[in-house]
Amino acid sequence: QVQLVESGGGLVQAGGSLRLSCAVSGRTFSYYAMGWFRQAPGKEREFVATISRTGGTTRTGGTTDYSDSVKGRFTISRDNAKNTVFLQMNSLKPEDTAVYYCALGKAPFASSGFYSNHDTDYWGQGTQVTVSS
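Conventions we followed
- Residues numbered from 1 in each chain as written.
- Predicted model: local features only at pLDDT ≥ 70, side-chain atom pairs only at ≥ 80, totals over all residues.
- Heavy atoms only, no water.
- Pairing = 2+ DSSP bridges.
- Helix = DSSP H or I, 4+ residues; strand = E, 2+ residues; numbered from the N terminus.
- Phe/Tyr/Trp six-rings, centres within 6.5 Å; stacked < 30°, edge-to-face > 60°.
- Buried < 20%, exposed > 50% of the residue type's maximum accessible area, 1.4 Å probe, protein only.
- Lys NZ or Arg CZ within 6 Å of the ring centre and 35° of its normal.
- Contact = heavy atoms within 4.5 Å.
- Polar contact = N/O pair within 3.5 Å; in protein donor to acceptor, adjacent residues only side chain to side chain.
- Axes fitted to C-alpha atoms, helices over the stretch in contact; angles between N-to-C directions.

Novice: I'd love a proper account of the pairing of strand β7 (residues 74-79), names of residues and values included.
Specialist: Direction of pairing for β7 relative to strand β8 (residues 84-89): antiparallel, over a ladder of six bridges. Paired with Asp79 across the two strands is Thr84, which belongs to β8. Two successive antiparallel strands, β7 and β8, enclose a turn made up of four residues, where Asn83 displays a positive phi of approximately 50 degrees.

Novice: Account for unusual backbone geometry, naming residues and giving values.
Specialist: Even without a glycine there, the phi angle at Asn83 is positive, about 50 degrees. Mapping Asn83 onto the fold places it in the loop between β7 and β8. Positive phi is not limited to glycine here, since Ser91 has a value of about 50 degrees. Looking at the element boundaries, Ser91 is found in the loop between β8 and β9 (98-105).

Novice: How would you summarise the packing of aromatic side chains if you had to cite specific residues and measurements?
Specialist: Counting across every chain of the model gives six aromatic pairs. Ring geometry for Phe37 against Phe47: centres 5.9 Å apart, planes inclined by 75 degrees, an arrangement best described as edge-to-face. In this pair, Phe37 sits in strand β4 (residues 34-39) while Phe47 sits in strand β5 (residues 46-51), placing the two residues 10 residues apart along the sequence. Each member of the pair, Phe37 as well as Phe47, is classed as buried. The side chain of Arg45 reaches across the aromatic face of Tyr101, ending 3.7 Å from its centre.

Novice: Could you give me a rundown of the environment of Ser30, with the residues and numbers involved?
Specialist: Positionally, Ser30 belongs in the loop between β3 (18-25) and β4. For Ser30, a relative accessible area of 14% translates into the label buried. Considered as a pair, Ser30 and Asp79 are 49 residues apart in the sequence and their alpha carbons are 8.6 Å apart. With residues up to four places along the chain from it excluded, the contact list for Ser30 reads Arg53, Thr54, Arg78 and Asn80.

Novice: Break down the side chain of Asp79 for me, with residues and values.
Specialist: Mapped onto the elements of the fold, Asp79 is located in strand β7. One polar contact links the side chain of Asp79 to the main-chain amide nitrogen of Ala81, over a distance of 3.0 Å. The residues touching Asp79, leaving out its near neighbours within four places in the chain, are Phe29, Arg59, Thr60, Thr84 and Phe86.

Novice: Which residues make up the sheet that holds β7, and what are the values?
Specialist: The strands making up a sheet are joined through hydrogen bonds of the backbone, oriented either antiparallel or parallel. A sheet is described by the order of its strands in space; here four strands give the open sequence β1-β3-β8-β7, paired in antiparallel fashion. The open sheet terminates on both sides in strands that have one partner only, identified here as β1 (3-7) and β7. Mean inter-strand twist for the sheet, computed between neighbouring axes without regard to direction, equals 15 degrees. Of the pairings in the sheet, the one linking β1 to β3 comprises five bridges and is antiparallel in character. Counted as the bridge partner of Ser7 is Ser21 from β3.

Given below as structure tokens:
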């Protein structure tokens, strides 16, 4: 059974930082690309960041990519020894307020990360991030 469990959301002032974590079980984590998405009230779920799988026994690394709205402020990373993907969020803005979801890539050994809701079958439960002005 595949499970994705997120943690680390909360309330922060504009300009502050938060670090989200997503622990994955039920799959060989290092074989899969991972993604972070978010959904603000009244809006569709949108892509935030993705990281590719890593090769062999590499603990960290992977190719990363970001939406234009978070590029330069957010950093996605992974620790294969802990089966966990992270999202470090700096210089937060009120418009970053949303429920954040991690997602597991649909197929193992994909050559890159993913950007669409349709490229995953598994989501975390979501964690609320609220940025006050």
